[in-house]
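Residue strings, one per chain:
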Protein chains: 2
Amino acid sequence: MEPVIGEKNHNLQKSAVQIEKAAQNGAQIIVLPELANTGYVFNTRAEAFSLAEKIPTGESTLFWLELAHRLDVTIVAGIAECDDEKLFNAAVILGPGGYIGRFRKIHLWDEENLFFEPGDLGFPVFQTRHGRIGIMICYDGWFPESYRMLALQGADLVCMPTNWVPIPGQDPKREPMANVLAMASAHSNSLFVAAADRVGIEREQPFIGHSLIVSHTGWPVAGPASSTEQDIIYAQVNLSDARRKRNWGAFNQVLRDRRTDLYDTVLGSQIKTGWY
Amino acid sequence: MEPVIGEKNHNLQKSAVQIEKAAQNGAQIIVLPELANTGYVFNTRAEAFSLAEKIPTGESTLFWLELAHRLDVTIVAGIAECDDEKLFNAAVILGPGGYIGRFRKIHLWDEENLFFEPGDLGFPVFQTRHGRIGIMICYDGWFPESYRMLALQGADLVCMPTNWVPIPGQDPKREPMANVLAMASAHSNSLFVAAADRVGIEREQPFIGHSLIVSHTGWPVAGPASSTEQDIIYAQVNLSDARRKRNWGAFNQVLRDRRTDLYDTVLGSQIKTGWY
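Below: a short report on this structure. Keep in mind the model is a prediction, meaning the values are calculated, not measured.

1. Quick notes on helix α5 (residues 144-151) of chain A
Part 1 of the reasoning: Counting buried residues along α5(A), 8 of its 8 residues qualify, which places the element largely inside the surrounding structure.
Part 2 of the reasoning: Buried within α5(A) are the following residues: A:Pro144, A:Glu145, A:Ser146, A:Tyr147, A:Arg148, A:Met149, A:Leu150 and A:Ala151.

Structure, rendered in structure tokens:
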């Protein structure tokens, strides 16, 4: 979708139209972009703070909770969260039965560092009727550790609200690197990824769309979505395949094959701090 | 190239033709496939052991050392190594000035587990006249930790001797997942990758070729090579770019942005052992 900066009510209503349409078409898990209720390009921390809400008692969470209940769907949506004086680039996961949990973006991108606190809740995995769902937001996906943390806790699906922007070095003739990263990580962790990006230009910042649903094999099963227009992409998958296909034949299993003895021991503290 | 199982002298001579041609065309760092001197599909451990050599005193290492010296090039080549009674799927790195070092494949694939010991030397990074070079072999590249271990020690270039085989779930209309993994890892670690695969069918096992050279941006700068024919691909790059481009503008640097506080602390021991 294309949120408008600061127009929270407008954005919520716009999200409701998309959510209702998706649900009518059979969607059971619906992912919205990063900061779907507020827009992304804040000018000041004060602006971001004025738009942020408590979770789960704020108006946006309550609005989406009503939809999740009424439409019998699970919704993952990006939201600006305030917790006392702290501000987070967060996401909520909401089911038909109510509030399930939240995620706070861990790796902050660019000027987000001016406004938001870095996430302090780790990488939770949420039990849902559909399976185990983890969440990450945008730049979190640049860190293979994010996927590992979720996979090692058994996540079947990563829902990724995102606001992907054009990046230096992108080959314009090829799919965005954001898509390549999602594919590689889905493959090497054997989990599904549903990444919902926004579109449009906000305060001169363009976004690239290209929302994607990736199977546990690493290959897309839906998308990429439009780079400029609002769009919904759908995939019907069996999340249990994430668990089944972690076995590569008789000898190999992609998570158990990790050599944690060497990751942790040989380099000692270098793996934690390093130099570069 | 296309090694022939058990025909070590033939394979070495074949590699010399390719190395001489590459050097004549200006190559300074030359990468050969995994197990380039012996072939890959051993029937028994005894067969593999009979073909393995000590490093650096075995005939294959000495053969390639002479080429490296005479042609003034750096060579990275896959080799079966014996160390007393132990057997490793290894690689050597050899410069004009002599033997630089070795790597032992850490993540063993399929029936390699029947014949080889898992690598016990960690992820060394070698100083060369061209910059800092790390090595991994084939299935090592499925583990983002391999790239992280090398990047955190400052590697500019990963040389990857490989024997990529067809994998389940590969979308035949798309580039091999092995290429996608190399691209994603080059990008998220800001380092160059030079992956040299073999071609041909050996004891009914096909190999997929598609050797690739990837820049620090994650985009290929040469290849993919042929999937069936011997081929040499070339790229001229500035390895220093690996270090320069780890900075994403004013706020972000892809390695320093890691949240090791959360990778290590929040999940405690789960990140090391996990359940899946």
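2. What to know about the interface of chain B and chain A
Part 1 of the reasoning: In this complex, chain B contributes 51 residues to the contact, which on the side of chain A involves 52 residues.
Part 2 of the reasoning: Looking at the side of chain B that touches chain A, the elements that each hand over two or more residues are α5 (144-151), α6 (177-189) and α8 (260-266) of chain B.
Part 3 of the reasoning: Per-element tally for the side of chain B that touches chain A: the top contributor is α6(B), with 7 residues.

3. Points about the pairing of strand β8 (residues 192-197) of chain A
All names here are of chain A.
Part 1 of the reasoning: Burial within β8 is extensive, with 6 of its 6 residues counted as buried.
Part 2 of the reasoning: Burial along β8 is two-sided: the residues Phe-192, Ala-194 and Ala-196 and Val-193, Ala-195 and Asp-197 are all buried.
Part 3 of the reasoning: Relative to β8, strand β7 (residues 157-162) runs parallel, the two sharing 6 bridges. Looking across to β8, one finds that Val-158 is bridged to Val-193.
Part 4 of the reasoning: In the classification by handedness, the crossover that spans β7, the intervening helix α6 (residues 177-189) and the parallel β8 is right-handed.
Part 5 of the reasoning: In this structure, β8 lies alongside strand β11 (residues 212-214), joined through 3 bridges in antiparallel fashion.

4. A word on the sheet that holds strand β3 (residues 86-95) of chain B
Residue and element names in this part refer to chain B.
Part 1 of the reasoning: The strand order across the open sheet formed by 4 strands is β1-β2-β3-β4, and the pairing between neighbours is mixed. If you trace the sheet from one side to the other, it starts and ends with β1 (29-31) and β4 (98-104), each paired once. Adjacent strand axes in the sheet meet at a mean angle of 35° when their direction is disregarded.
Part 2 of the reasoning: Across 9 bridges, the pairing between strand β2 (residues 74-83) and β3 is antiparallel. Opposite Ala-77, over in β3, you have Val-92 as the bridge partner.
Part 3 of the reasoning: Contacts between helix α3 (residues 59-71) and the sheet are confined to β2, β3 and β4, with β2 contributing the most and set at about 165° to the helix.

5. So, the packing of helix α1 (residues 8-24) of chain B against α3(B)
Residues and elements named next belong to chain B.
Part 1 of the reasoning: Where α1 meets α3, the closest approach of the two axes is 11 Å, and the angle between their N-to-C directions is 15°. Judged by the inter-axis angle, α1 sits roughly parallel to α3. Note on packing geometry: the crossing formed by α1 with α3 is right-handed. Here α1 contributes Lys-8, Leu-12, Ala-16, Ile-19, Glu-20 and Ala-23 to the contact with α3, which in turn contributes Ser-60, Phe-63, Leu-67 and Leu-71.

6. Brief notes about α6(B)
Part 1 of the reasoning: Spanning 13 residues, α6(B) covers 18 Å between terminal C-alpha atoms, matching the ideal 18 Å at 1.5 Å per step.
Part 2 of the reasoning: Taken across its 13 residues, α6(B) has 13 buried, putting it largely inside the fold.

7. Topic: the sheet that holds strand β3 (residues 86-95) of chain A
All names here are of chain A.
Part 1 of the reasoning: The strand order β1-β2-β3-β4 describes an open sheet built from 4 strands, whose pairing is mixed. Each end of this open sheet is capped by a strand with a single partner; those strands are β1 (29-31) and β4 (98-104). Ignoring which end each strand starts from, the neighbouring axes of this sheet average 35° apart.
Part 2 of the reasoning: Strand contacts of helix α3 (residues 59-71): β2 (74-83), β3 and β4, with the helix running at about 165° to β2, the strand carrying the most contacts.

8. Here we look at the environment of B:Lys54
Part 1 of the reasoning: Within the fold, B:Lys54 resides in the loop between α2 (45-51) and α3.
Part 2 of the reasoning: A sequence separation of 28 residues divides B:Lys54 from B:Cys82, and the C-alpha atoms of the two residues are 5.3 Å apart.

9. Some details on the environment of A:Met149
Part 1 of the reasoning: Within the secondary structure, A:Met149 sits in helix α5.
Part 2 of the reasoning: Along the sequence, A:Met149 and A:Gly122 sit 27 residues apart, while their C-alpha atoms lie 8.8 Å from each other.

10. Brief notes about the relation of the copies chain B and chain A
Between the two copies of the chain lies a rotation about an axis combined with a shift along it.
Part 1 of the reasoning: Each copy of the sequence occupies a distinct position, and chain B is placed on chain A by a rotation of 180° and an axial shift of 0.0 Å, giving an RMSD of 0.0 Å. As the rotation angle and translation indicate, the two copies are arranged about a two-fold axis.
Part 2 of the reasoning: Mapped onto chain A, 100% of the interface residues of chain B again fall at the interface, so both copies present the same surface.

What counts, and where the lines are drawn
- Residues numbered from 1 in each chain as written.
- Chains lettered and ligands numbered in written order.
- Predicted model: local features only at pLDDT ≥ 70, side-chain atom pairs only at ≥ 80, totals over all residues.
- Buried ≥ 20, exposed ≤ 12 C-beta atoms within 10 Å, placed from the backbone.
- Helix = DSSP H or I, 4+ residues; strand = E, 2+ residues; numbered from the N terminus.
- Contact = placed C-beta atoms within 7 Å.
- Pairing = 2+ DSSP bridges.
- Right-handed = clockwise from strand over helix to strand, strands pointing away.
- Axes fitted to C-alpha atoms, helices over the stretch in contact; angles between N-to-C directions.
- Parallel < 35°, antiparallel > 145°, perpendicular 65-115°, else oblique.
- Left-handed = near helix turned anticlockwise from the far one by under 90°.
- Expected span 1.5 Å × (residues − 1).
- Least-squares fit on C-alpha atoms with pLDDT ≥ 70 in both.

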